[in-house]
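Residue-level structural notes
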Amino acid sequence: MENRKYSVTPQDRMNYLLSLYSADQQINAVLYFPVGISEEILEQSIKITLELQPVLNSRFVENDIPYWEEHSSNTSSPICLFVKGNDQELEMMAIDFIQEYGDRIQGPMVQAKLIRGNTTDILVIKISHLCSDGVGVKEYINLLGTVYTQLSLGESKDQIIKAYGEADKRFRDQSPVFKYAGISDVKSAYRPNQEQQASLWSFPSQPNKNAYPKMSVRRMSHEQTLRLIQWAKAQQATLNDIITTAYFRALSHFTVYAEPRTAERMIGITIDLRRYLPNRTTGAVCNLSGMEMPVIKIDDNESFNQTLGRVKQSMDKIKSQNPGLSSAAGMELLANMKLSAVKEMYKQQYEQAFKMGMALPLLTNFGIIANEPIQFGDLQAEDGYMTSPIMYAPFFTLGASSFNGRLTLTIGYHSPDTSEELVEKFLDSVVNELQ
């Protein structure tokens, strides 16, 4: 019996290329529960989700027209691991699992680890960015919790699969986004980035071997987060505006610049394209993100509010122009080329970035991990956060997420190319800006 094949979307292709040059492409979620998650039901639940979302049980096959090929059931490495630890070391064990290398291309595309303490269970879920973006990971958590709950209520695998409904209502590609945005000619949505007069700046690094993957995490308390949200409202700004402002300001004290330097600075931010869909979901685990580049003038001596005013101005302009669609159109156009040709193009861009030691800093805000409680049977997640991919120098990304009223900031990088001490100082600086 031949393994089933699925089409690779323009966004999957893009994330595959980025996995070769800019990051260890994996998005992670860390969820805290009271002790009591059943190992057996968890393992069974994950296996069922692989049938419901077959891309998770596939490998990426590089080809001029690449495709996903489903693993035959007897191969594939373990998707679910269990370990025990003391409550004091659980956090470190979770980070260690996130830092472990996995095969993002051969798969499996999802891996989970249940780390059991005396009073806490931590569930870490890792999903390859080749098949899913951050919102896809959030949707996967929701699916896994639902399947787990159904199994613990005594439903059978067949009942769950049958109740999941028709696959034809689900899609993974971005063409419906253009349709709902009223764009019939995709080419017309592509605007080459005119903002190139902004200074190229970069978090300092010595790109080399990317030997040791690291993840640094800063978690704000409930009180700090609430104060931040209330303060943002008073400024008629979003929490995202505030985080973006803090990021710009912290970067301006740490980064190195390409000369000649201008007053304008630019970062890349990810945009969830599901905003254009009627139900804000595709029903499938997928990549559906665009990219925008806010550009602001920044003066090192100005106040937080002055920077915020410019960030809001830049973000309002972006929001008024179909955010994310231009980059989505760009990916669509690249998908008409052979993968090998695009790969060569990316390789040259990467070599230039490597030589200069320069890459545009990125911000990815996953937003709130879930608006409803995350239920696994009768257990409810009490806390959690997500982390963005672990970047290769000189690439650099700040990840932000919130859950149950707590904001978490993360940076994934490789040492010694990027200095651990500098990343820790930088995160402290971002948190100080947010105070």
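Reference entry: report on the structure contained in this document.

Quick notes on the rules
- Residues numbered from 1 in each chain as written.
- Predicted model: local features only at pLDDT ≥ 70, side-chain atom pairs only at ≥ 80, totals over all residues.
- Heavy atoms only, no water.
- Buried < 20%, exposed > 50% of the residue type's maximum accessible area, 1.4 Å probe, protein only.
- Helix = DSSP H or I, 4+ residues; strand = E, 2+ residues; numbered from the N terminus.
- Pairing = 2+ DSSP bridges.
- Core = buried A, V, L, I, M, F, W, Y, C linked by side-chain atoms within 4.5 Å.
- Phe/Tyr/Trp six-rings, centres within 6.5 Å; stacked < 30°, edge-to-face > 60°.
- Lys NZ or Arg CZ within 6 Å of the ring centre and 35° of its normal.
- Salt bridge = Lys/Arg side-chain N within 4 Å of Asp/Glu carboxyl O.

The buried count for strand 22 (residues 406–415) comes to 10 of 10 residues, which makes it a mostly enclosed element. Of the two faces of strand 22, the one lined by R406, T408, T410, G412 and H414 and the one lined by L407, L409, I411, Y413 and S415 are each fully buried. Alignment of strand 10 (residues 212–219) against strand 22, held across eight bridges, turns out to be antiparallel. Bridge pairing in strand 22 links R219 to T408. As judged from the five bridges shared by strand 21 (residues 397–403) and strand 22, these two strands associate in the antiparallel manner. Paired with S402 across the bridge in strand 22 is L407.

Take the nonpolar core next. As a rule of thumb, nonpolar side chains are buried together in soluble globular proteins. F33, L42, L56, I125, Y140, I374 and F376 are the most contacted members of the largest nonpolar core, which has 59 residues in total. Counting residues per element, the ones that place at least two in this core are helix 1 (10–21), strand 3 (26–34), helix 2 (39–52), strand 7 (110–116), strand 8 (120–128), helix 4 (134–152), helix 11 (325–334) and helix 12 (339–356). With eight residues, the single largest contributor to this core is helix 4. Residues Y247, I296, I298 and L407 belong to the second largest nonpolar core, which totals 44 residues.

The subject of this paragraph is the packing of aromatic side chains. In total, this model carries 16 aromatic pairs according to the counting rule given. Plain terms: the ring middles of Y16 and F60 are 4.3 Å apart, the flat faces sit at 15° to each other, and that makes the pair stacked. In this pair, Y16 sits in helix 1 while F60 sits in strand 4 (residues 58–61), placing the two residues 44 residues apart along the sequence. The exposure classification of Y16 matches that of F60, with both residues buried. An angle of 90° between the planes, with centres 5.4 Å apart, marks the rings of F60 and W68 as edge-to-face. Each member of the pair F60 and W68 is classed as buried. Cluster of aromatic residues (ring-pair linked, three or more members): F203, Y247, F254, F396 and F426. Lying across the ring of F97, K126 places its NZ or CZ 4.1 Å from the centre.

With the rule as written, the count across this model stands at 21 salt bridges. In this structure, the salt-bridge partner of D12 is R172, at a minimum N-O distance of 2.9 Å. Taken together, the residues D12 in helix 1 and R172 in the loop between helix 5 (157–163) and helix 6 (175–180) connect sequence positions 160 residues apart. Of the two residues, D12 and R172, both sit in the buried class.

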